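Chains, contacts and geometry: an overview
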Amino acid sequence: MSATLVVVLCTVMLAALHAYIIRGWGDALERSIHTVDELGLHGTTGLSVIVPVRNEEDNILACLQDLYAQKDRSQLDVIVVDDRSTDRTAERVRGLKVRWAELRLEQLGEQEGKKAAIELGMERAVHPVVLLTDGDTRCSPDRTTRIRRAWSTDAPHLLVLPVFMDEGAGWLAHYQRQEQAALLAVAAG
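What this report covers is the structure whose coordinates are included nearby. (Residues numbered from 1 in each chain as written. Predicted model: local features only at pLDDT ≥ 70, side-chain atom pairs only at ≥ 80, totals over all residues. Heavy atoms only, no water.)

Structural notes on the sheet that holds strand 2 (residues 76–82)
- The strand order across the open sheet formed by 4 strands is 3-2-1-4, and the pairing between neighbours is parallel. Each edge of the open sheet carries a strand with a single partner, namely strand 3 (104–107) and strand 4 (129–132). Geometrically, the sheet is characterised by an average inter-axis angle of 25 degrees between neighbouring strands, direction not taken into account.
- Packing of helix 3 (residues 89–97) onto the sheet brings it into contact with strand 1 (47–53), strand 2 and strand 3, and relative to strand 3 it is tilted by some 155 degrees. (Pairing = 2+ DSSP bridges. Helix = DSSP H or I, 4+ residues; strand = E, 2+ residues; numbered from the N terminus. Axes fitted to C-alpha atoms, helices over the stretch in contact; angles between N-to-C directions. Contact = heavy atoms within 4.5 Å.)

A short note on the nonpolar core
- Counting residues in each nonpolar core, the largest one holds 21 residues, and the members touching the most others are Val49, Val51, Leu64, Leu67, Val78, Val80 and Leu103.
- Look past the residues within four positions of Leu103 in its chain and what remains in contact with it is Leu64, Val78, Val80, Val93, Leu96 and Lys97. (Core = buried A, V, L, I, M, F, W, Y, C linked by side-chain atoms within 4.5 Å. Buried < 20%, exposed > 50% of the residue type's maximum accessible area, 1.4 Å probe, protein only.)

A closer look at the pairing of strand 3
- Pairing geometry for strand 2 and strand 3, over 4 bridges, is parallel. Bridge assignment links Val81 to a residue of strand 3, and that residue is Glu106.
- Assessed by its sense of winding, the connection that carries the chain from strand 2 through helix 3 to strand 3 is right-handed. (Right-handed = clockwise from strand over helix to strand, strands pointing away.)

Okay, here's the thing in structure tokens:
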């Protein structure tokens, strides 16, 4: 067996072990989220949700419909910040405002980019706790309730939340799940 092959096999085995450990951390995090759900909403505050978008016309409706379906929607301030989309993203958001008057759409002026969109959203946010989410993200109806509960329980400076991908088949889908778990661990670290 050549030295190169041994190095490659050892690297693959270490990567697999690392992914296994990271996945265990993700499972532990999921269990802790369910534990937090059993707590009440004592001392919670409203939540400003900032959705920076650029050319998300195919995804923004699903994201905003999920936010509209939140169980604690009355405690939410949802701000979509359009980063100079060249498609119909802003038009789709305006269409939802007909049913959801509290939904806000902000458009970037001279600056551009996700960082500028987040900064504008932060300036316009009305609640001290802010959730950033992308325009192609989906969430369950109790996502913001869970976040508010976790925030009221521990008052952390930052919450890093897991992002779960649609389950695909094959080695590429498995690799993507493991990569996502590793990225979450790096962010938490």
